[in-house]
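# Secondary and tertiary structure notes
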Amino acid sequence: MAEENWVSVAKRSAINPGDVLGVRLGEREIALYNLDGEIYATDNLCTHAFALLSQGWLDGETIECPLHGGRFEVKTGKGLGPPINDDLKTYPVRVIGDDVQIRFE
Ligand code: FES
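Residues numbered from 1 in each chain as written. Predicted model: local features only at pLDDT ≥ 70, side-chain atom pairs only at ≥ 80, totals over all residues. Heavy atoms only, no water.

Bringing the overall build of the protein into the picture now. Along its length, the protein carries zero helices and 10 strands. Listed by position from the N terminus, the elements making up the protein come as β-β-β-β-β-β-β-β-β-β. Relative to a compact globule of 105 residues, whose C-alpha radius of gyration would be 13 Å, the protein shows 13 Å and is just as compact. Of all 105 residues assigned to the protein, the portion counted as buried reaches 37%. Partitioning the contacts of the protein with sequence separation of at least 6, the portion at a separation of at least 24 is 40%. Looking at the protein as shown, the accessible area adds up to about 5800 Å², and 46% of this sits on carbon and sulfur atoms. When the 10 basic and 17 acidic side-chain charges of the protein are each reduced to a single mean position, those positions are 2 Å apart. (Helix = DSSP H or I, 4+ residues; strand = E, 2+ residues; numbered from the N terminus. Rg over C-alpha atoms; globule rule 2.2 N^0.38 Å. Buried < 20%, exposed > 50% of the residue type's maximum accessible area, 1.4 Å probe, protein only. Contact = heavy atoms within 4.5 Å. Areas by Shrake-Rupley, 256 points an atom, 1.4 Å probe, with all protein chains shown as cover. Lys, Arg positive; Asp, Glu negative; His and termini not counted. Charge placed at Lys NZ, Arg CZ, Asp CG, Glu CD.)

Quick look at the packing of aromatic side chains now. Across all of its chains, the model carries one aromatic pair by this definition. Ring geometry for Tyr91 against Phe104: centres 5.4 Å apart, planes inclined by 75 degrees, an arrangement best described as edge-to-face. Note that Tyr91 is positioned in strand 8 (residues 90-91) and Phe104 in the segment after strand 10 (99-103), a separation of 13 residues in sequence. Taking the relative accessible area as the measure of exposure, Tyr91 reaches 8% and is therefore buried. Judged by its relative accessible area of 11%, Phe104 falls in the buried class. The cationic tip of Arg28 hangs over the ring face of Phe104; the distance from NZ or CZ to the ring centre is 3.9 Å. (Phe/Tyr/Trp six-rings, centres within 6.5 Å; stacked < 30°, edge-to-face > 60°. Lys NZ or Arg CZ within 6 Å of the ring centre and 35° of its normal.)

If you want it as structure tokens, here you go:
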């Protein structure tokens, strides 16, 4: 995979375990999660309507949307039932020093 596809999006030290952080990259809204020290990334926009998941609630490995309570698995982006019809896009993550980088296809 080409090195240039990795983009620094946040500082690792800015995301504590159990936290979710929303970042904007141009047009993209990305949510970063710290699950027991591992960082994961998904789209931040809920697939149901217009809400930022980073403003919702992280419960274990599940993020709950603040608008209608839709839930997704953070690691896979899988939607966990109504009102969610579409899964969430996830992104590969790596941590280099204190930089969290994600890879766009
Ligand atoms: S906008 Fe997220 S559940 Fe409706």
